[in-house]
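Per-entry structural report
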Amino acid sequence: MASRVSSEAPAPGFSVPVPALPKLGRTWYRRGAAYWLCRARTTVFVVLALALFSLFAVGLYAGVRDLLPATARTVWDGVQVAASVVASVWGWVTQRRGHCEALLDPPDPDRTLRAARDHDRRVPGRIAAGRGLVLLAAPVMPAIVAYLVGWSAAWLTVREYPSEVGARRWLEERRSSSGT
């Protein structure tokens, strides 16, 4: 087995610093008021973003709906309600399954930071591609929004994020290997 590099292990008498996670900083460790404020801030932002997107989607759907004859409108509205209910449940289940899978192999702090950087790098391209797809998806926008609402509700109501679990395990491994 190779010997440990001196930079990997803390010097005797020194503790391992708590790693900072994206959006939570170091608040995840104590889970005090600052942590819950971060979670509340995220929730408020997501709810506002979904509300604005929902208004946009309903307006877009109303424009497409107006092109249909009166009887087709009634049928199509019923289909949209049923599809929206199914899509919101599907979004919830998809997120919960993904969360459970992520908890089986939670990312360490370095992997979490790399994933956040990769996500931030891909967002502008996805926004540009999404503009054209929104117009094609206009007839089913209520169901798409319902999926996003279900997914987001499941994401926001978890007890602990996988990044927190991974950081906690990473921290415990470092502390146990340093002997503190």
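Everything in this summary refers to the structure shown in the same document. (Residues numbered from 1 in each chain as written. Predicted model: local features only at pLDDT ≥ 70, side-chain atom pairs only at ≥ 80, totals over all residues. Heavy atoms only, no water.)

This next bit is on the overall build of the protein chain. A count of helical and extended segments in the protein chain gives five helices and zero strands. Ordering the α and β elements of the protein chain from the N terminus gives α-α-α-α-α. Relative to a compact globule of 180 residues, whose C-alpha radius of gyration would be 16 Å, the protein chain shows 22 Å and is clearly more extended. Within the protein chain, buried positions represent 27% of all 180 residues. Sequence-distant contacts, at least 24 apart, represent 81% of the contacts inside the protein chain between residues at least 6 apart. Approximately 11,800 Å² of the protein chain is accessible, and the part contributed by carbon and sulfur atoms is 68%. When the 23 basic and 13 acidic side-chain charges of the protein chain are each reduced to a single mean position, those positions are 4 Å apart. (Helix = DSSP H or I, 4+ residues; strand = E, 2+ residues; numbered from the N terminus. Rg over C-alpha atoms; globule rule 2.2 N^0.38 Å. Buried < 20%, exposed > 50% of the residue type's maximum accessible area, 1.4 Å probe, protein only. Contact = heavy atoms within 4.5 Å. Areas by Shrake-Rupley, 256 points an atom, 1.4 Å probe, with all protein chains shown as cover. Lys, Arg positive; Asp, Glu negative; His and termini not counted. Charge placed at Lys NZ, Arg CZ, Asp CG, Glu CD.)

Our focus in this paragraph is a nonpolar patch on the surface. Together, Val81, Val85, Val89, Trp92 and Val93 line one region of the surface with nonpolar side chains, adding up to about 420 Å² of accessible area. Mapped onto the elements of the fold, Trp92 is located in helix α2 (residues 70–104). (Patch = residues over 30% accessible without salt bridge, like charges linked within 9 Å, V, L, I, M, F, W, Y side chains within 5 Å. Salt bridge = Lys/Arg side-chain N within 4 Å of Asp/Glu carboxyl O.)

Attention shifts here to the packing of helix α1 (residues 33–65) against helix α4 (residues 141–156). The geometry of α1 relative to α4 is characterised by a closest axis approach of 9 Å and an angle of 175° between their N-to-C directions. Classified by the interaxial angle, the pair formed by α1 and α4 is roughly antiparallel. Residues Arg39, Thr42, Thr43, Val46, Leu50, Phe53, Ser54, Ala57, Leu60 and Tyr61 of α1 lie in contact with α4, whose contacting residues are Met141, Pro142, Val145, Leu148, Val149, Ser152, Trp155 and Leu156. Classifying every residue of the contact of α1 with α4 gives 13 nonpolar, four polar and one charged. (Axes fitted to C-alpha atoms, helices over the stretch in contact; angles between N-to-C directions. Parallel < 35°, antiparallel > 145°, perpendicular 65-115°, else oblique. Nonpolar A, V, L, I, M, F, W, Y, C, P; charged D, E, K, R; others polar.)

In this structure the tally under the stated criterion is six aromatic pairs. Between Tyr35 and Trp36, the aromatic rings sit 4.8 Å apart at their centres with planes inclined by 85°, giving edge-to-face as the arrangement. Given a relative accessible area of 0%, Tyr35 falls into the buried group. Centroid distance Trp90 to Tyr147: 5.1 Å. Interplanar angle 65°. Geometry classified as edge-to-face. Of this pair, Trp90 sits in helix α2 while Tyr147 is found in helix α4, placing the two residues 57 residues apart along the sequence. Note on Trp90: relative accessible area 56%, which makes it exposed. With relative accessibility at 24%, the residue Tyr147 sits in the partly exposed group. Three or more aromatic residues joined by ring pairs form one cluster here, namely Trp151, Trp155 and Tyr161. (Phe/Tyr/Trp six-rings, centres within 6.5 Å; stacked < 30°, edge-to-face > 60°.)

Here we take up the side chain of Gln95. Topologically, Gln95 is positioned in helix α2. Among residues more than four places away in sequence, those in contact with Gln95 are Trp151, Ala154 and Trp155.

Right, let's get into the nonpolar core. Ranked by size, the top nonpolar core spans 15 residues in total, and within it Leu21, Leu24, Trp28, Tyr161 and Leu171 carry the most contacts. Every element with two or more residues in this core is listed here: α1 and α5 (162–178). Looking at this core, the element that brings in the most residues is α1, giving four residues. Ignoring anything within four residues of it in the chain, the contact list for Tyr161 reads Leu24, Arg39, His99, Trp155 and Leu156. Counting seven residues, the second largest nonpolar core, distinct from the first, contains Ala57, Leu60, Ala138 and Val145. (Core = buried A, V, L, I, M, F, W, Y, C linked by side-chain atoms within 4.5 Å.)

Further remarks concern the pattern of salt bridges. Taken as a whole and assessed by the stated rule, the structure comprises seven salt bridges. The closest approach of N and O atoms between Asp77 and Arg65, which form a salt bridge, is 2.8 Å. Taken together, the residues Asp77 in helix α2 and Arg65 in helix α1 connect sequence positions 12 residues apart. Among the residues examined, Arg65 registers a relative accessible area of 26% and is labelled partly exposed. Here Glu173 ties to Arg174 by a salt bridge, and the two come within 3.6 Å at their closest N and O atoms. One network of salt bridges, with partners in common, ties together Arg159, Glu160 and Arg168.

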